[in-house]
Amino acid sequence: MLKQALVLAALLLPGAYANAHEYSKGDLHIAHPWSLELPPNAPNVAAYFVVHNNGKTDDRLLSADTPISSDAQLHEHAMSATGAMKMQQVQSVVVPAGKDLTFAPSAYHVMIMQPKDRSLLTDGKRFPLTLHFEKAGDITVEVAVQKQPPADQAQHEHTH
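These lines cover the structure that appears in this document, whether it is placed above or below. All of these numbers come straight from a predicted model, not from anything done at the bench.

**Here we look at the environment of lysine 86**
On the secondary structure map, lysine 86 appears in strand S6 (residues 85-89). A C-alpha to C-alpha distance of 8.2 Å links lysine 86 and glutamate 76, two positions ten residues apart in sequence. Separated by 3.5 Å, the side chains of lysine 86 and glutamine 88 make a polar contact.

**As for the nonpolar core**
Judged by nonpolar contacts, the single largest core of 31 residues is most densely connected at Ile30, Phe49, Val110, Leu129 and Phe133. Phenylalanine 133 has contacts with Leu28, Ile30, Val51, Asp59, Arg60, Leu61, Leu62, Val95 and Ile139, leaving out every residue within four places of it along the chain.

**Remarks on the pairing of strand S1 (residues 22-25)**
Relative to strand S2 (residues 28-36), S1 runs antiparallel, the two sharing four bridges. For tyrosine 23, the partnering residue across the bridge sits in S2 and is isoleucine 30. The hairpin turn running from S1 into S2, its antiparallel successor, is two residues long, and glycine 26 in that turn takes a positive phi close to 60 degrees.

**A word on the packing of aromatic side chains**
Where two aromatic rings form a pair, the distance of their centres and the angle of their planes describe that pair. Applying the stated criterion across every chain, the model contains three aromatic pairs. One aromatic cluster is present, built from ring pairs that chain together Phe49, Phe103 and Tyr108.

**Considerations on the side chain of serine 35**
Along the polypeptide, serine 35 turns up in strand S2. In this view, serine 35 contacts Val45, Ala46, Ala47, Phe127, Val143, Ala144, Val145 and Gln146; residues no more than four positions away in its chain are not counted.

**Overview of the environment of tyrosine 23**
By the element assignment, tyrosine 23 lies in strand S1. As for tyrosine 23 and proline 33, which are separated by ten residues in sequence, their C-alpha atoms are 9.4 Å apart. Those residues within four positions of tyrosine 23 in sequence are excluded, and the remaining contacts are Leu28, His29, Ile30, Pro33, Arg126, Ile139, Thr140, Val141 and Glu142. A distance of 3.0 Å separates the side chain of tyrosine 23 from the backbone nitrogen of glutamate 142, its partner in a polar contact.

How each quantity is defined
Residues take numbers from 1 onward in each chain, read along the sequence in its written order. Given that the model is predicted, a residue must reach a pLDDT of at least 70 before its local features are reported, and side-chain atom pairs must reach 80 or more before they are shown or counted; all residues, however, enter totals for whole chains, interfaces and linings. Think of the side-chain values as coming from all heavy atoms in the structure, minus any hydrogens and water. Runs of E in the DSSP output that reach at least two residues are strands. Runs of H or I that reach at least four are helices, and both are numbered from the N terminus. Nitrogen and oxygen atoms within 3.5 Å of one another constitute a polar contact, given that in protein one can donate a hydrogen and the other can accept it, and given that sequence-neighbouring residues count only through two side-chain atoms. Remark: nonpolar core denotes a set of buried residues (Ala, Val, Leu, Ile, Met, Phe, Trp, Tyr, Cys) joined through side-chain atoms within 4.5 Å. Here the term buried applies to any residue with accessible area under 20% of the maximum for its type, exposed to any over 50%, and partly exposed to those in between, with areas from a 1.4 Å probe on protein chains only. Contacts between residues were defined by any pair of non-hydrogen atoms, one from each residue, lying within 4.5 Å. In this description, strands pair whenever DSSP reports at least two bridges between them. Here the aromatic set is Phe, Tyr and Trp, taking the six-membered ring for Trp, and pairing holds for ring centres within 6.5 Å; pairs whose planes are under 30 degrees apart are stacked, those over 60 apart are edge-to-face, and all others are tilted.

Below, the structure is given as structure tokens:
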């Protein structure tokens with residue numbers, strides 16, 4: 001019961017929770033990096049976040065890396081010629097001036113291939129992820145591992 005009350009409190013106070021999990025450098029602000037808990041048989045895991053570009057010029061995410069894997073790739077979901085959604089690697093992603101770039105399920109994401117240290121991929125843990133931007137430089141964030149997507153990124157309706 002106490003655990004449910006704490007979860008409910010966390011959902012009702014997103015501002016208090018998010019403030020401790022945001023990163024800024026230059027014109028870029030990165031909010032709530034997260035990943036889903038890795039099932040035992042899953043070979044790869046994805047990391048998600050939102051990049052706010054408060055500047056007047058575009059920036060570009062060039063790459064990402066993490067000590068838990070030797071291979072972190074930028075991926076996107078795209079429509080194939082047959083109309084099916086497919087995942088594909090991209091070389092870089094533009095962060096438009098004055099806009100947000102959202103890394104989320106069924107959108108852009110960082111794919112962490114064959115993680116070496118799976119102990120950090122359980123609910124409640126965090127792992128470091130360094131994002132390499134063309135203009136802002138490197139920003140290292142702590143990715144929160146969760147059992148469920150954040151409330152604002154879930155696909156279902158919430159009633160109050």
